[in-house]
Each structure stands twice: as C-alpha cells, then as structure tokens.
Amino acid sequence: MAMKITGDNFKHEVLESKVPVLIDFYADWCGPCRMLSPVIEEIAGEVKDAKVVKINIDNEADLARQFGIMSIPTLVVMKDGQVVDRVMGVHQKQEILNMLAV
C-alpha cells in the first residue's frame, strides 16, 4: 500500500530515501485521481526497489505548492532528493514503471 506523506514525514520518507520515490499528488474529489489510484496501489505492492507514496493536495497544500502542482493527478519521481521525472494525468502502469527506471 502506498504510504501517505505529510509535511511531518516528507523529509525523512522522500528527501532522505535511499531508493527512488514515486509521488502521487492527488485529491479525494478528483475523478482521474480515483481512476489512477488502483494502478498506484498495484505498483506499490509490486516494486521492491522503490517507494510509492501519496500526497493529498488538500491536506498538504504547502507540499503541493513546493512542487508547483497545477493539475492532478501529477506523478513525480525523486532520486537522491531530486526530481528526475514528472507527468500529469492518468497513465498506464507500464509507463509509470518506466518512470521509476530512469
């Protein structure tokens, strides 16, 4: 299951992560986010060499602002505390897995 990220655990779980991190910026009211959610959860259960996390933009507006989130869902991949890939919208599972292979 994808870990929920807040301002309190962001630094430790994302910025200081030793493995790549896939961040799903979402909102509960967002239809495309709800469509993507099962794919994100499936990936979270399958990948062993990366971390999959979710950030609710309504609850974590500061993090959404920090990443310049203008549209959801937005997926961001971070490695060593740096953004290495970013896409908006709903994507196929394999496309998302390919992002983690960057």
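Since we're looking at a predicted model, the values are computed, not measured.

Student: With reference to specific residues and values, describe the sheet that holds strand S3 (residues 51–56).
Tutor: The strand order S1-S3-S2-S4-S5 describes an open sheet built from five strands, whose pairing is mixed. The open sheet terminates on both sides in strands that have one partner only, identified here as strand S1 (3–4) and strand S5 (82–88). Note that S1 and S3 share two bridges and pair parallel. Among the inter-strand pairings, Lys 4 is bridged to a residue of S3, identified as Lys 54. Set on the sheet, helix H2 (residues 31–46) makes contact with strand S2 (21–26), S3 and strand S4 (74–79); between it and S3 the angle comes to about 155°. Packing against the sheet, helix H4 (residues 93–100) makes contact with S2, S4 and S5, and its axis sits at approximately 25° to S4.

Student: An account of unusual backbone geometry is requested, with residue identities and associated values reported.
Tutor: Pro 73 follows Ile 72 through a cis peptide bond whose omega is -5°. Note on placement: Pro 73 falls in the loop between helix H3 (61–66) and S4. Non-glycine residue Asp 80 carries a positive phi angle of around 50°.

Student: Give a detailed account of the packing of aromatic side chains, specifying residues and quantitative values.
Tutor: All chains considered together, the criterion is met by two aromatic pairs. Aromatic pair Phe 10 and Phe 67: ring centres 5.8 Å apart, planes at 80°, arrangement edge-to-face. Pair noted here: Phe 10 is in helix H1 (residues 10–15) and Phe 67 is in the loop between H3 and S4, with a separation of 57 residues, a long-range link. Each member of the pair Phe 10 and Phe 67 is classed as buried. Ring geometry for Phe 25 against Phe 67: centres 5.2 Å apart, planes inclined by 50°, an arrangement best described as tilted. Of this pair, Phe 25 sits in strand S2 while Phe 67 sits in the loop between H3 and S4, and the two are 42 residues apart along the sequence. Aromatic ring contacts, followed pair by pair, group Phe 10, Phe 25 and Phe 67 into a single cluster. In this structure, Lys 54 packs its charged tip against the face of Tyr 26, placed 4.5 Å from the ring centre.

Conventions used here
- Residues numbered from 1 in each chain as written.
- Predicted model: local features only at pLDDT ≥ 70, side-chain atom pairs only at ≥ 80, totals over all residues.
- Heavy atoms only, no water.
- Pairing = 2+ DSSP bridges.
- Helix = DSSP H or I, 4+ residues; strand = E, 2+ residues; numbered from the N terminus.
- Contact = heavy atoms within 4.5 Å.
- Axes fitted to C-alpha atoms, helices over the stretch in contact; angles between N-to-C directions.
- Phe/Tyr/Trp six-rings, centres within 6.5 Å; stacked < 30°, edge-to-face > 60°.
- Buried < 20%, exposed > 50% of the residue type's maximum accessible area, 1.4 Å probe, protein only.
- Lys NZ or Arg CZ within 6 Å of the ring centre and 35° of its normal.

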